[in-house]
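# What the coordinates show
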Amino acid sequence: MSLNSNIPEGKLEEKWIKYKSTVPLVNPSNKRNLEVLIIGSGLAGASAAASLAELGYKVKCFCFQDSPRRAHSIAAQGGINAAKNYQNDGDSIYRLFYDTIKGGDYRAREANVYRLAEISPNIIDQCVAQGVPFAREYGGMLSNRSFGGTQVQRTFYAAGQTGQQLLLGAYSALQRQIGMGNVQMYNRHEMLEIVKIEGKARGIIARNLITGELERHFGHAVLICSGGYGNVFYLSTNAMGSNATAAWKAHKSGAYFGNPCFTQIHPTCIPVSGDHQSKLTLMSESLRNDGRIWVPKKSNDNRNPNEIPEEERDYYLERRYPAFGNLVPRDVASRAAKERCDAGFGVGSSKMAVYLDFKFNMMRYGRVEANKMGIENPSENEILKLGKDVIKEKYGNLFDMYMQITGENPYETPMRIYPAVHYTMGGLWVDYNLMTTVPGLYSLGEANFSDHGANRLGASALMQGLADGYFVIPYTIGAYLANEISVKPESTDHQAFVDAENSVKETIEKLLSINGTKSVDHYHKKLGKVMWDKCGMARNAKGLQEAIDEIKVIRNEFWQNLRVTGKANEFNPELEKAGRVADFLELGELMCIDALHRNESCGGHFREESQTNEGEALRNDQEFSYVAAWEYSQNNWKLHKEELKFENIKIAQRSYK
């Protein structure tokens, strides 16, 4: 199959406008006869379900949590980007488009990224109308702050809980449609297979996680909105339940998987503290607005950070990247932290951490507050107290979270941070319409590969999820469903449903019948260690080939010596985990295959063989300026390429200096 991205003709800034004016439509009475299945109820899924139901489609929405409010979108902290230029600092739709393409190291599709930037202001208006409590300036205007990879302030936020507030907005819209009977919500259900009829996605097999019962559901179209696959590394900032199963089943049903090796390491996470941990905790990138990152200039310096004088501190991001300083993109900041720690300048008991220090900006804010209050000659303690109050208002919940986890007070002592797996830029390959290579099967939000290239700029995940759900899919799905209005709902007794359900039953029975001696977590941890060590922050050909071989061994052991307790027809969390880890064991291999074939460094994919003299990522545009889209075929993969054309931006070596 040739990869056709279906990008509209015409000038970049006119493509989406023209598309919306010419796309086929479905009239309201026909929409009521068309059924859409949505897998996932985070920002992308909830917004899509609410929007499509509002248009009149019959919608079924599935989530494995006990409520859509528990979707992992709730964990996003720092903000959401939009090119509104409220700060009058030179922002524009084109600049957001440019920053995103450059931030992704020129590995994203121009047309999709421009559409995202173009839609971004509408998202803020939509969310304000829903009552999302964005932070505001004293005069009532919405407030903005900076995020990495930009030199403007375009990030809208709600303290350190932006994801939660945006999700509650989408959830409210979804609940309204549920109340009106336009959406059937299936909580505690997990999609385990796609049903295809005559080559088109026509339904799913879902497991009721409370009873264990398998259910068949028909749909004229299926939307995968199930998030990313960061938990393939075992330790990540994702919720423990986050998984790749829905996307992976779609992939094995014929949907190509795009750029699987592009994973993002977030630079500001609470460091690993021991083998007992099952996940890592993010400290929002927004903290880099007011925190300065440093390490001691002396290696293995065990002094209390407050005892280390200014002249003995290395503010290494400010030193290496003076134009952007602490606000370089995430991949750059992460590699810089790893380089300092590997060189022996790390801090804390593990020596795998750097400091994030707020005192400098507390003093700056404190002086401003003292001036506003007319306090003459304030003492340093008075200034510090006033500055702390400002920091508390902006980031209080994040500081509280850090204190609860580490037992340290970040108002008094610098935070210790280290990079951790956070987001996956790879995902199901989709065209401009967000359709996968399977007709009628779509993918939205983090579940698709689109919009971010090789590195996502901070505060752009929420933007993409809501853009896809609220503003893109309501138009693009019509282009497909306009030709499906004569298709009557298939009976779930159709042989395709029977075969799909039997396939799921076989897998479940196989997992339960192994009766080995090792738990699911045992294999998940083994996989995670291989992935982090050899396909994590840095990769090389030797390590990646070793990882591929080691993952095959782990997968073989998994299917021979796994022990899953309980039964199929009951609430069985171990069985749920087993199915998800089985999928991770296949996905992990593909990630390493993709990373091995891409013999260049770009964004979050850093090949040690491909770097500049200064240790920066070195792209190979002549050979690798494409999206790698992998087709699954009987435990093997075939590579397809979507060539990337840059007609509006001049490709250059990324520099944040």
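Please read all numbers here as calculations on a predicted model, not as lab measurements.

## Concerning helix α16 (residues 573-597)
Think of an α-helix as turning once every 3.6 residues; residues three or four places apart then point the same way. With 25 residues, α16 ought to run about 36 Å at 1.5 Å a step, and its terminal C-alpha atoms sit 36 Å apart, in line with that. Burial analysis of α16 places 18 of its 25 residues in the buried class, which makes it a mostly covered element.

## What to know about the pattern of salt bridges
Following the criterion strictly, the structure yields 56 salt bridges and no others. R202 serves as the salt-bridge partner of E484, at 2.5 Å between the closest nitrogen and oxygen. Of the two residues, E484 is situated in the loop between α12 (461-481) and α13 (495-513) and R202 in strand β7 (residues 200-208); the sequence distance between them amounts to 282 residues. Each of the two residues, E484 as well as R202, counts as buried. Across the pair E501 and K505 runs a salt bridge whose closest N-O atoms are separated by 3.4 Å. Placement of the pair is E501 and K505 together in helix α13, with a separation of 4 residues, close to one helical turn. Residue class for E501 comes out buried when judged on its relative accessible area of 10%.

## Remarks on the domain arrangement of the protein
Along its sequence, the protein is organised into domain 1 (12-264 + 422-481), domain 2 (268-419) and domain 3 (495-632). Listed per partner, the contact involves 26 residues of domain 1 and 25 residues of domain 2. In total, domain 1 and domain 2 occlude about 2100 Å² of area from one another, counting both sides; carbon and sulfur atoms represent 56% of this. For the domain 1 face of the interface with domain 2, the top three residues by lost area are Q77, L235 and T237, together amounting to 25%. On inspection of domain 1 and its partner domain 2, the count reaches 0 salt bridges. In this assembly, domain 1 and domain 2 are joined by 13 residue pairs in polar contact (both at pLDDT 80 or more).

## Looking at the packing of aromatic side chains
The description of an aromatic ring pair rests on the distance of the ring centres and on the angle between the ring planes. Inspection of every chain in the model, using the stated rule, returns 25 aromatic pairs. Centre to centre, the rings of Y86 and F156 are 5.6 Å apart; their planes meet at 75°, and the pair counts as edge-to-face. Highlighted residues: Y86 in the loop between β3 (80-81) and α4 (93-103) and F156 in strand β4 (residues 155-156), separated in sequence by 70 residues. Judged by its relative accessible area of 1%, F156 falls in the buried class. Members of the aromatic cluster, joined through ring pairs, are Y229, W248, F257, Y632 and W637. Across the ring face of W16, the terminal group of R115 is positioned such that the distance to the ring centre comes to 4.9 Å. The residue whose ring lies beneath R364 is Y365, and the NZ or CZ to ring-centre distance is 4.7 Å.

## Observations concerning helix α15 (residues 541-561)
Taking 1.5 Å of rise per residue, the 21 residues of α15 would be expected to cover 30 Å, and the 30 Å separating its terminal C-alpha atoms lies within 8% of that figure. Next to the buried residues of α15 lie α13, α14 (520-535) and α16.

## Focus: empty space enclosed by the protein
A full pass over the atoms with the stated rule returns 5 cavities of 30 Å³ or more. Taken as a whole, the largest cavity encloses approximately 50 Å³ of empty space. Residue lining of the largest cavity: I265, D331, S334, R335, M537, G603 and G604, and that is the complete set. Per-element tally for the lining of the largest cavity: the top contributor is helix α9 (residues 330-345), with 3 residues. For the lining of the largest cavity, the class distribution of residues is 2 nonpolar, 3 polar and 2 charged. No fewer than three residues from each of domain 2 (268-419) and domain 3 (495-632) sit in the lining of the largest cavity.

## Structural notes on the pairing of strand β11 (residues 263-269)
Taken across its 7 residues, β11 has 7 buried, putting it largely inside the fold. Pairing of β11 with strand β15 (residues 415-424) involves 5 bridges; the strand directions are antiparallel. In the strand pairing of β15, C269 is matched with Y418.

Cut-off values and rules
- Residues numbered from 1 in each chain as written.
- Predicted model: local features only at pLDDT ≥ 70, side-chain atom pairs only at ≥ 80, totals over all residues.
- Heavy atoms only, no water.
- Helix = DSSP H or I, 4+ residues; strand = E, 2+ residues; numbered from the N terminus.
- Expected span 1.5 Å × (residues − 1).
- Buried < 20%, exposed > 50% of the residue type's maximum accessible area, 1.4 Å probe, protein only.
- Salt bridge = Lys/Arg side-chain N within 4 Å of Asp/Glu carboxyl O.
- Domains from an automatic or database assignment.
- Contact = heavy atoms within 4.5 Å.
- Buried area = accessible area lost by both parts, 1.4 Å probe.
- Polar contact = N/O pair within 3.5 Å; in protein donor to acceptor, adjacent residues only side chain to side chain.
- Phe/Tyr/Trp six-rings, centres within 6.5 Å; stacked < 30°, edge-to-face > 60°.
- Lys NZ or Arg CZ within 6 Å of the ring centre and 35° of its normal.
- 1 Å grid on protein atoms, 1.4 Å probe; cavity = no way out; pocket = protein on both sides within 12 Å on 5 of 7 lines; lining within 4 Å.
- Points joined across faces, edges and corners; volume = space filled by probe spheres on them.
- Nonpolar A, V, L, I, M, F, W, Y, C, P; charged D, E, K, R; others polar.
- Pairing = 2+ DSSP bridges.

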